[in-house]
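This is what each chain is made of:
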Amino acid sequence: MPVVVVDVMPKPEILDPQGKAVQGALPRLGFSGVSDVRQGKRFELTVDGEVTEAVLEQVRQMAETLLSNPVIENFTVRVEETV
Amino acid sequence: MKVGVVTFPGSLDDVDAQRAVRIGGHEAVALWHGDHDLRGVDAVVLPGGFSYGDYLRCGAISRFSPVMAEVIEAAGKGMPVLGICNGFQILCESHLLPGALIRNDHRKFVCRDQRLRIENASTAWTSAYDEGAEITIALKNGEGGYVADAGTLDRLEGEGRVVARYLDVNPNGSMRDIAGVTNERGNVVGLMPHPEHAVEELTGTGTDGLGFFTSLAVAAFA
């Protein structure tokens, strides 16, 4: 079954306290060289049948209305090849 | 007036809100998130809590509950709606109010007696206050940071739609110290602190929050 992936990220100008917490934890664990961390969400939607442009359009609508809040987040939609 | 208080799965402060409505001189009507009608109420309070476990985003699932379709329609016709804490988040997710609420900038849950300034005393929920009144009520949130783009913030300030601002400290990283906002019409108000916990001398910080519930009467008889 094809999987459509929706990635949701906080907009660049929006503070991301969770990402900051992760970034703060990295040096404490001995990892260096990471200057910023942004944390988002990944949704995997298993769809019935073929992924047509109409299906993708519907997923974009889902992303806009429910999966993301356009005031504070951006999203991308892509099809994941499955075995 | 009949004031509906919506209970969502995970609401915490619905009973306190009902009590505050009654102390404010109104009849409290319990509404359920799955209801398809508002039972003839004249106003609605969306209480604090963690509706739907804050899954996805605070208020994101509640916003699509059956009762919210009715609330959004009624709000568009001018019915007073007050969203407190989680209720404020639901109103933003519903696009009844601009902006959004994100995790506190210091990443910790905050619970404190918070001083506020009432900056707009002409909304349906704040007309019992004097403009500039300073009140102290409880604040308790993990995701209370009010954010919006600069243009929206300028417009809110220019149109006098900032209802309340934090004094002394900014407890959650809210932009421009904003604690509450209203819509163009002034019937929909979202507030992060909790006036319903400050309506009796016996408990809480005093009675500074009662004005939010007595304001409805002022609006009705104005």
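Residues numbered from 1 in each chain as written. Chains lettered and ligands numbered in written order. Predicted model: local features only at pLDDT ≥ 70, side-chain atom pairs only at ≥ 80, totals over all residues.

(A) Spatial organisation of the overall build of chain B. Scanning chain B from terminus to terminus reveals five helices and eleven strands. Relative to the 2.2 N^0.38 estimate, which gives 17 Å for 222 residues, the radius of gyration of chain B is 15 Å and therefore close to what a compact globule would have. Oriented by its inertia axes, the alpha-carbon framework of chain B measures out at about 40 × 35 × 35 Å. Residue pairs at least 24 apart in sequence account for 75% of intrachain contacts in chain B once pairs closer than 6 positions are excluded. (Helix = DSSP H or I, 4+ residues; strand = E, 2+ residues; numbered from the N terminus. Rg over C-alpha atoms; globule rule 2.2 N^0.38 Å. Contact = placed C-beta atoms within 7 Å.)

(B) Molecular detail of the overall build of chain A. Within chain A, the regular secondary structure consists of two helices and three strands. Starting at the N terminus, the α and β elements of chain A follow one another as β-α-β-α-β. Here the C-alpha radius of gyration of chain A, 16 Å, is well above what a compact globule of 83 residues would show, namely 12 Å. For chain A, the C-alpha atoms occupy an extent of roughly 45 × 35 × 15 Å along the three principal directions. Per-residue burial for chain A yields a buried fraction of 12% across its 83 residues. (Buried ≥ 20, exposed ≤ 12 C-beta atoms within 10 Å, placed from the backbone.)

(C) Molecular detail of helix α1 (residues 17-28) of chain A. Between its terminal C-alpha atoms α1(A) stretches 17 Å, which fits the 16 Å expected from twelve residues at 1.5 Å a residue. Two residues or fewer past α1(A), A:Gly30 is found with a positive phi of approximately 95°. (Expected span 1.5 Å × (residues − 1).)

(D) Representation of the interface of chain A and chain B in the model. The interface of chain A with chain B comprises nine residues on the first partner and twelve residues on the second. Grouping the constituent residues of the side of chain A that touches chain B by class yields seven nonpolar, two polar and no charged. (Nonpolar A, V, L, I, M, F, W, Y, C, P; charged D, E, K, R; others polar.)

(E) A look at the environment of B:Asp13. Residue and element names in this part refer to chain B. Along the chain, the position of Asp13 falls in the loop between β1 (2-7) and α1 (14-23). For Asp13, a count of 23 C-beta atoms within 10 Å corresponds to the buried category. Spatially, the C-alpha atoms of Asp13 and His194 are 9.1 Å apart, while their sequence positions differ by 181 residues. Not counting residues within four places of it along the chain, the set of residues in contact with Asp13 comprises Pro47, Gly48, Gly49, Ile84, His194 and Glu196.

(F) Geometry of the sheet that holds strand β10 (residues 178-182) of chain B. Residues and elements named next belong to chain B. Reading across the sheet, the nine strands line up as β2-β1-β3-β4-β11-β10-β9-β6-β7 and stay open at both edges, with mixed pairing between neighbours. Strands at the two margins of the open sheet, each flanked by one partner only, are β2 (27-32) and β7 (134-141). With strand direction ignored, the average angle separating the axes of adjacent strands in the sheet is 25°. Where strand β6 (residues 110-118) and β7 come together, eight bridges link them in antiparallel fashion. Bridge pairing in β7 links Arg112 to Leu139. Of the strands in this sheet, β1, β2, β3 (43-46) and β4 (81-84) are in contact with α1, which crosses β1 at around 175°. (Pairing = 2+ DSSP bridges. Axes fitted to C-alpha atoms, helices over the stretch in contact; angles between N-to-C directions.)

(G) Quick peek at unusual backbone geometry. All names here are of chain B. With phi around 50°, Arg39 is a residue other than glycine that occupies positive phi space. Relative to the helices and strands, Arg39 is located in the loop between β2 and β3. Overall, the presence of 12 C-beta atoms within 10 Å leaves Arg39 in the exposed class. The phi dihedral of Arg176 falls on the positive side, at around 55°, and the residue is not glycine. Counting through the fold element by element, Arg176 comes out in the loop between β9 (162-166) and β10. Residue Arg176 is classed as partly exposed on the basis of its C-beta count, with 15 C-beta atoms lying within 10 Å.

(H) Spatial organisation of the nonpolar core. Membership of the largest hydrophobic core comes to 66 residues, with the highest contact counts inside it found for B:Val44 and B:Val45. Excluding its chain neighbours within four sequence positions, the residues that come into contact with B:Val44 are B:Gly4, B:Val6, B:Leu38, B:Val71, B:Met79 and B:Val81. Residues A:Val4, A:Val59, A:Leu67 and A:Phe75 belong to the second largest nonpolar core, which totals five residues. (Core = buried A, V, L, I, M, F, W, Y, C linked by C-beta atoms within 7 Å.)

(I) Examining the environment of B:Val162 more closely. Residue and element names in this part refer to chain B. Relative to the helices and strands, Val162 is located in strand β9. We classify Val162 as buried; it has 21 C-beta atoms within 10 Å. With 18 residues separating them in the primary sequence, Val162 and Gly180 have C-alpha atoms 6.1 Å apart. Contacts of Val162, omitting those with residues within four sequence positions, involve Glu119, Asn120, Leu156, Glu157, Ile178 and Val181.

(J) The confidence of the model for chain B, seen in detail. In the predicted model, chain B carries a mean pLDDT of 96, and the fraction of residues at 70 or more is 98%. Of the two predicted TM-score estimates for the complex, the pTM is 0.95 and the ipTM is 0.89. (pLDDT = per-residue confidence, 0-100.)

(K) Examining helix α3 (residues 86-93) of chain B more closely. Residue and element names in this part refer to chain B. Extensive coverage of α3 is indicated by the burial of eight of its eight residues. Within α3, burial applies to Asn86, Gly87, Phe88, Gln89, Ile90, Leu91, Cys92 and Glu93. Buried residues along α3 sit against β3, β4, β5 (100-102) and β11 (188-191). Immediately beyond the C-terminal end of α3, within one or two residues, lies His95, with a positive phi of roughly 65°.

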